[in-house]
Amino acid sequence: MDKFEKMKEKAEALDAQDPLRKFREQFVTQQGRIYMDGNSLGLPAKESIDGVLRVIEEWKILNIDGWLKGKIPWFIMPEELGRRMAPLVGALPEEVVMSGSTTSNLHSLVSTFYQPEGKRRKILADELNFPSDLYALASQIRLKGGDPAEDLILAKSRDGNTLEEDDIIALMDKTVSVAILPSVLYRSGQLLDMEKLTRSAHEKGILIGFDCAHSVGAVLHRLHDWDVDFAFWCSYKHLNGGPGSPAFLFLHEKHFGREPGLAGWFGYVKEKQFDMEILFEHAKSAGGWQMGTPCVLSAATLEAALKIQQEATIEKIREKSLKLTDFLIELVDTFLSDEPYCYSIATPREHERRGGHLAIEHPKEAWRICCALKARGIIPDFRPPRIIRVAPVALYNTFTEVWEVGRALKEIIENKDFERFPKERSAVS
Ligand SMILES: *Cc1c(COP(=O)(O)O)cnc(C)c1O
């Protein structure tokens with residue numbers, strides 16, 4: 001048996017000792033398919049599908065009364081699911097609410113916190129952030145009468161894949177009003193030191209918020225204790241809420257008294273929402289930052305999805321996630337980095353700088369290698385220009401599957417499988 005084949009035994013041994021092993025069967029996995037894209041769209045839990053069917057039943061039977069009589073009354077679903085989400089991100093129950101989308105929450109929170117005044121007019125972000133966040137930030141600056149070319153400053157990457165916290169901190173000066181940064185970078189999978197960045201921002205009188213779309217459900221957060229001002233994230237990635245499931249936002253309790261930048265009636269003091277007063281009075285909790293009616297059907301997956309997270313515990317999820325990515329790094333380093341393979345790891349290797357997915361770089365053929373992986377039933381995703389993103393998810397992926405990914409990466413080069421695919425990319429990757 002060659003050395004690579006021997007690694008399969010190691011994978012099987014790791015699977016046999018995996019304390020989260022039993023969770024895989026709670027998800028819908030498919031024969032002949034190795035899903036490594038849970039950081040883009042998590043797999044459905046079987047119970048989440050039951051949850052959707054239950055809400056449809058509630059709609060059929062209870063009609064309008066579902067707002068107060070649903071198993072989770074629809075009217076308070078955003079607060080209730082926020083309360084259940086809170087421990088997962090280290091927040092107080094009333095500091096989290098379900099609302100809108102990642103991007104709409106960014107708008108709502110930045111419009112609340114970004115109050116340019118005197119010389120403090122700038123928003124600090126970074127050039128590796130999800131582009132949507134940067135589009136939104138530029139538009140927020142324009143709404144306040146500024147010019148994004150001057151007022152949006154972007155921390156630069158030294159290597160095109162990662163950021164140095166100290167480079168970001170060096171830009172924190174008296175001209176910066178708010179900093180908005182990612183927790184885990186969507187391409188390279190780097191985890192930033194949110195605690196350190198928050199401390200440094202506050203020392204300079206800067207408010208700070210994090211886009212946690214790629215970290216919630218995969219890494220530990222202590223948003224309240226770190227004193228983060230605000231944060232937002234979606235629920236369809238590591239939280240497995242399904243396509244378009246609603247997002248969440250976190251607002252530190254010390255800010256409950258601020259006026260929401262984008263107000264709407266679901267942010268009204270809950271007990272008085274139906275008094276239909278003309279003057280707005282927002283709930284003094286994260287709930288005050290909701291706008292309109294919650295997406296009840298799309299949220300119906302989340303009760304089960306959050307229950308599974310809670311049962312597995314984020315500590316164990318994180319521990320296994322790091323072991324899975326460690327194992328893949330070992331395969332790439334040991335077997336796949338030299339000619340003719342030429343793969344390399346663009347994600348930082350230190351555990352405290354790594355999120356839940358890995359960025360494997362290939363100098364020339366990343367796109368066509370992704371096509372060849374898919375043709376073999378392995379689902380990664382591609383991020384231009386050179387990155388194959390692979391997310392082995394602790395709740396449902398196995399070490400043996402990671403080994404299979406390594407074998408596929410190896411054979412695709414040995415057999416030149418990728419040459420069968422066109423060089424043009426498709427619209428969604
Ligand atoms: C996935 C993701 C988003 C997506 O925003 P939507 O409003 O849900 O489309 C935003 N920011 C980051 C960093 C993401 O990873």
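Regions of empty space are outlined by a rolling probe, equal in size to a water molecule, passed over the atoms. Counted according to the given criterion, the structure contains one cavity of 30 Å³ or more. As a volume, the largest cavity reaches approximately 60 Å³. Looking at the largest cavity, the residues that line it are G217, A218, H238, Q309, I317, S321, P392, V393, A394 and L395.

With that settled, the discussion passes to the side chain of N39. As for its placement among the helices and strands, N39 is situated in the loop between β1 (34–35) and α2 (46–62). Side chain to side chain, N39 and H357 meet in a polar contact 3.4 Å long. In this structure N39 touches H214, K237, H238, H357, R389 and A391, once residues within four positions along its chain are discounted.

As a further point, take the pairing of strand β3 (residues 122–126). Each regular strand carries side chains that alternate between the two faces of the sheet. With four of its five residues buried, β3 lies for the most part within the structure. Inspection of the sheet shows β3 paired to strand β5 (residues 176–182) by three bridges, in the parallel sense. Residue pairing for β5: I123 is matched across the bridge by V178.

On domain assignment, one finds that the chain holds domain 1 (3–31 + 313–420) and domain 2 (51–311). The straight-line distance from the C-alpha centre of domain 1 to that of domain 2 is 30 Å. Each side of the interface is counted separately: domain 1 has 27 residues, and domain 2 has 24 residues. Buried surface at the junction of domain 1 and domain 2, both sides included, amounts to about 2200 Å², of which 56% is carbon and sulfur. When the area that domain 1 buries against domain 2 is broken down by residue, the three leading residues are I314, R353 and H357, summing to 25%. Between R353 and E164 there is a salt bridge; the shortest N-O distance is 3.8 Å. Linking domain 1 to domain 2 there are 12 residue pairs in polar contact (both at pLDDT 80 or more). Only α12 (314–335), β10 (358–361) and β13 (387–390) provide two or more residues apiece to the side of domain 1 that touches domain 2. Looking at the side of domain 1 that touches domain 2, the element that brings in the most residues is α12, giving four residues. Class assignment for the residues of the side of domain 1 that touches domain 2 results in 13 nonpolar, six polar and eight charged.

Parameters at a glance
Residues numbered from 1 in each chain as written. Predicted model: local features only at pLDDT ≥ 70, side-chain atom pairs only at ≥ 80, totals over all residues. Heavy atoms only, no water. 1 Å grid on protein atoms, 1.4 Å probe; cavity = no way out; pocket = protein on both sides within 12 Å on 5 of 7 lines; lining within 4 Å. Points joined across faces, edges and corners; volume = space filled by probe spheres on them. Helix = DSSP H or I, 4+ residues; strand = E, 2+ residues; numbered from the N terminus. Polar contact = N/O pair within 3.5 Å; in protein donor to acceptor, adjacent residues only side chain to side chain. Contact = heavy atoms within 4.5 Å. Buried < 20%, exposed > 50% of the residue type's maximum accessible area, 1.4 Å probe, protein only. Pairing = 2+ DSSP bridges. Domains from an automatic or database assignment. Buried area = accessible area lost by both parts, 1.4 Å probe. Salt bridge = Lys/Arg side-chain N within 4 Å of Asp/Glu carboxyl O. Nonpolar A, V, L, I, M, F, W, Y, C, P; charged D, E, K, R; others polar.

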